[in-house]
Amino acid sequence: MGMIRGGLFVIASFALFLSFFAGNVFLTLDWSLEYDTLRPELTSIIKDIAAESEINLDEVMEENFVIMESYCQNNSEYVFSKQEYIFVIPCDIVSQGSEAVIEQGINNLLKEFYYKEYDCGFWECVKQSDAGQPFVLVSEKARDYWNNKFYLALVVSLILIILMFFLIETKHSLFTVVGCLLIISSLPFMKLNWLLSFISDASFLQFFTIFFIKAYNVFLISFIIGLALLGVGIGLKFFNIGFKISDFFSKKERVKENVSKKDIKEIVKEEISKKK
């Protein structure tokens, strides 16, 4: 029975490691795909894609800039369309110059790409998207998908930890095991961006690294939680050892007391026998 429990514990521990690792991947993708995180990273990519799509933002904004200035004398915003895209330029941005207008146009495109409504499943949308413009990968839909996957991994991890609790004999050691597994699963994320830098295709790397912007943040969170659990496990172990040492000395004291009581009884018996 002990061997069976031990084998099941090893299997559950390995499954927990995989679940922790997958959870770290999903959390990295979730945090990296937040709009405010993506916006500065995607600005140059959006400009390049817009140029390839015959929407040269520099030219479009400069062509319309004089019209914008005139229109904004009596209005609060200037709205125009180019192909299927609609640009809304506030007049206070127009007053800041053409560079600010171009930046606002990029933000308009990025918002449209990010918050676009998709009527298909995530992977189905990925397959259907244009190979050169897979914007569904950096959309709110993608972030929601990875967020759901993270919570699924979290639930699986909790179930495995409960199972391991019933399998392990020394219960307080579970904190140590779980903490170590979480720490180990977090280590690849410490230098993930450095590892990705070895990819030779620079254009691919520029887009691919976007998904792992928050890798180091996830490493820190997982590492700190793992370290805390490890500390609890070690603390409980020393507490248990201290309790056993205290119990040992308490037993010795009780033995001495019993011996002393026996000696007193013997002395009393001797005194009584002498009087007789």
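One structure accompanies this document, and this report is about it. (Residues numbered from 1 in each chain as written. Predicted model: local features only at pLDDT ≥ 70, side-chain atom pairs only at ≥ 80, totals over all residues. Heavy atoms only, no water.)

1. Remarks on the overall build of the protein
Counting its regular elements, the protein contains 11 helices and two strands. Out of the 276 residues in the protein, the part that is buried amounts to 34%. Within the protein, contacts between residues separated by at least 24 positions form 68% of all contacts whose residues are at least 6 apart in sequence. Only carbon and sulfur atoms are counted for the fraction: they give 62% of the accessible area of the protein, which is about 17400 Å². (Helix = DSSP H or I, 4+ residues; strand = E, 2+ residues; numbered from the N terminus. Buried < 20%, exposed > 50% of the residue type's maximum accessible area, 1.4 Å probe, protein only. Contact = heavy atoms within 4.5 Å. Areas by Shrake-Rupley, 256 points an atom, 1.4 Å probe, with all protein chains shown as cover.)

2. Some words on the packing of helix H7 (residues 140-167) against helix H8 (residues 173-186)
Running from amino to carboxyl end, H7 crosses H8 at an angle of 140°, the nearest separation of the two axes being 10 Å. Relative to H8, the element H7 is oriented oblique. H8 is crossed by H7, and the crossing has right-handed handedness. Between H7, through Ile161, Met164 and Phe165, and H8, the contact on the second element is made entirely by Leu174, Val177 and Val178. (Axes fitted to C-alpha atoms, helices over the stretch in contact; angles between N-to-C directions. Parallel < 35°, antiparallel > 145°, perpendicular 65-115°, else oblique. Left-handed = near helix turned anticlockwise from the far one by under 90°.)

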